[in-house]
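Next come the chains, spelled out residue by residue.
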Amino acid sequence: MATKQVRYEALVKALHGDLYRYGYWLTHDKQVAEDLVQETFLRAWRALDSLKDEKAAKSWLITILRRENARRFERKRFDMSEYEEANIMDTQATSAEQEIENHWLRDKIAQLAPEYSEPLILQVLGGYSGEDIANMLNLNKNTVMTRLFRARHQLKDALEKEPEKMRLIHE
Amino acid sequence: MNDNNTSNDMNNNIMDDLQYRRRIYAEPSSQDKDLIAAQNADPTKKQLAQTLCQFDEKLKQAMKIPVPDDLCHKLLLRQTLASHQQEKRKSRIHLALAASVAITAGLIVHYFQFSNSHTNLGDYALAHIYYEQGTFSNDDNNRVSLTALNKKMTSFNGSFNDSMGELISADYCRFDGMKSLHLVFKGLTDTVTVFIVPKKEHLAFTDKFNDNKLQGRSFAFKENNILVVADKNESLDNWQRTINNNISWSI
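In this text, all values refer to a predicted model and were calculated from it rather than measured experimentally.

Calculation notes
- Residues numbered from 1 in each chain as written.
- Chains lettered and ligands numbered in written order.
- Predicted model: local features only at pLDDT ≥ 70, side-chain atom pairs only at ≥ 80, totals over all residues.
- Heavy atoms only, no water.
- Helix = DSSP H or I, 4+ residues; strand = E, 2+ residues; numbered from the N terminus.
- Buried < 20%, exposed > 50% of the residue type's maximum accessible area, 1.4 Å probe, protein only.
- Contact = heavy atoms within 4.5 Å.
- Areas by Shrake-Rupley, 256 points an atom, 1.4 Å probe, with all protein chains shown as cover.
- Axes fitted to C-alpha atoms, helices over the stretch in contact; angles between N-to-C directions.
- Parallel < 35°, antiparallel > 145°, perpendicular 65-115°, else oblique.
- Left-handed = near helix turned anticlockwise from the far one by under 90°.
- Nonpolar A, V, L, I, M, F, W, Y, C, P; charged D, E, K, R; others polar.
- Buried area = accessible area lost by both parts, 1.4 Å probe.
- Salt bridge = Lys/Arg side-chain N within 4 Å of Asp/Glu carboxyl O.
- Polar contact = N/O pair within 3.5 Å; in protein donor to acceptor, adjacent residues only side chain to side chain.
- Core = buried A, V, L, I, M, F, W, Y, C linked by side-chain atoms within 4.5 Å.
- pLDDT = per-residue confidence, 0-100.

Visitor: Before we move on, can you summarise the overall build of chain A with the specific residues and values?
Guide: Looking only at helices and strands, chain A features eight helices and zero strands. Helices (α) and strands (β) of chain A occur, in sequence order from the N terminus, as α-α-α-α-α-α-α-α. Counting across all 171 residues of chain A, residues that qualify as buried make up 49%. Pairs at least 24 apart in sequence give 63% of the contacts found in chain A among residues at least 6 apart. Taken as a whole, chain A presents about 8,800 Å² of accessible surface, with 48% of it coming from carbon and sulfur.

Visitor: Account for the packing of helix 5 (residues 114-124) of chain A against helix 6 (residues 130-137) of chain A, with residues named and values stated.
Guide: Residues and elements named next belong to chain A. For the pair helix 5 and helix 6, interaxial distance at closest approach is 10 Å and the crossing angle is 130°. On the basis of the axis angle, helix 5 is oblique to helix 6. The element helix 5 and its partner helix 6 pack so that their crossing is right-handed. Contacts between helix 5 and helix 6 involve Glu118, Pro119, Leu122 and Gln123 from the first element and Ile133, Met136 and Leu137 from the second. Considering only residue class, the contact of helix 5 with helix 6 consists of five nonpolar, one polar and one charged.

Visitor: Please set out the interface of chain B and chain A residue by residue, giving values where relevant.
Guide: Contact with chain B, which involves 35 residues of that partner, is made by 48 residues of chain A. Both faces combined, the contact of chain B with chain A buries some 4,200 Å², and carbon together with sulfur accounts for 66% of it. Of all residues in chain B, the largest losses of buried area upon contact with chain A belong to Tyr25, Met63 and Ile65 of chain B, amounting jointly to 17% of the total for that side. Summed over the shared surface of chain B and chain A, the number is four salt bridges. Scanning the region where chain B abuts chain A turns up eleven residue pairs in polar contact (both at pLDDT 80 or more). Elements represented by at least two residues in the side of chain B that touches chain A include exactly helix 2 (17-26), helix 4 (43-63) and helix 5 (71-114) of chain B. Split by residue class, the side of chain B that touches chain A holds 17 nonpolar, eight polar and ten charged.

Visitor: Tell me about the environment of glutamate 162 of chain A, and name the residues and values.
Guide: Residues and elements named next belong to chain A. Tracing the chain through its elements places glutamate 162 in the loop between helix 7 (141-161) and helix 8 (167-170). With a relative accessible area of 23%, glutamate 162 lands in the partly exposed category. In contact with glutamate 162, not counting residues within four places along its chain, are Trp104 and Lys108.

Visitor: I'd like a description of the nonpolar core, backed by residues and values.
Guide: Nonpolar side chains in soluble globular proteins tend to end up buried together. Counting 68 residues, the largest nonpolar core has Trp25, Phe41 and Leu120 of chain A together with Leu59 and Met63 of chain B as the members making the most contacts within it. Among the elements that take part in this core, helix 1 (residues 2-27) of chain A stands out by supplying nine residues, more than any other. In this view, leucine 59 of chain B contacts Leu105, Ile109, Leu120, Val124 and Leu155 of chain A; residues no more than four positions away in its chain are not counted. Formed by 22 residues, the second largest nonpolar core is a distinct cluster that contains Phe185, Phe221, Val228 and Leu236 of chain B.

Visitor: Explain the confidence of the model for chain A to me, using residue names and the numbers behind them.
Guide: Residues and elements named next belong to chain A. With 81% of its residues at a pLDDT of 70 or more, chain A shows a mean pLDDT of 83. Averaged over each element, pLDDT in chain A is lowest for helix 8 (56) and highest for helix 5 (93). Within the model, pLDDT remains below 50 along residues 78-88, and this stretch shows 15 contacts once partners closer than five positions in the same chain are excluded.

Visitor: Just give me the short version of helix 5 of chain A, but keep the residues and values in it.
Guide: Of all eleven residues that make up helix 5 of chain A, nine are buried, and the element is covered over most of its length. Along helix 5 of chain A, the residues classified as buried are Tyr116, Ser117, Glu118, Pro119, Leu120, Ile121, Leu122, Gln123 and Val124 of chain A.

Right, dumping it as structure tokens:
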């Protein structure tokens, strides 16, 4: 019992941030993301004995979170709000200039189709390889690499349409 | 785009521009040998890789939205509460188990003591006496006065005109669930028990009953039955006569 508690606390402390951000980029809603993370960790607690390899913990949790999100989507198909700029949150502790950049980039990331944004977030934020992502999303690796290419390509296209932002990519 | 035949590409010549772009856009920080070779052969390809890596760094910063400060605590608290609830449920189950064991035990005891398993007055009377065996003895010095007895008899709308013998004890008791009066008289060799029991349908009236040790008789009156149980040395005829002569019912 005590060791389970210790394991769980370690998981929460190490990974709740990543999970929350991942949930946020899936849903574009910080409250929903928080609920998803809570639900995910509650399920993780119940199933903790089935997690044999701590190194796999993050992708295990991401899998749970994705499943939870899918369930939510089934439950509330008509409640899903379209992405709204107002939902994108502000960051503290960054310079105003960088904040504007971040805000702009978040906007563009959020406008990507989910099938493009999800692998991109897993790769950039999660640090997963194409192969890992393919496994997690149940896709083949070529599909994942194509989507990653398109995701960056679309972001770069968006940049090129707003020349004043070009320094983001060319500074 | 093809990641699987990287070694083929290596062995052929340097990959073409379009193929390189697709590969490097998909994974700017790739360390695949053919990509590195292409970058070394062409500075613009290297430049593109660096640009995209920088862009990735910007993306990463943008993706790192702030995490609510209290989320970690919430998660830990919620889990603690959840397992506490579980514990509580468990202990509630234990308590419920203990309670049901206690109730079952109680029911069993009750069943043996006061159950309706005795279908007639006589059986019940005998069972009752055996259950109380040892409580009263012919040598008890306790005596109950006629007045005290008749006070108790008012519940049954009856009274005794005269003392019927040495009364050791007169107490209400449960006779198969009915409030009854339980009298214990000093007998010839052992105590003589007299029950005054309200008439109820669920016990069949048995006028005479006995086992190898005790004998008994029931006398039916208007509202009550009176039972006498004694050992075999006692003359129940005498007791019947005495009771009939002494009892009077107010209604």
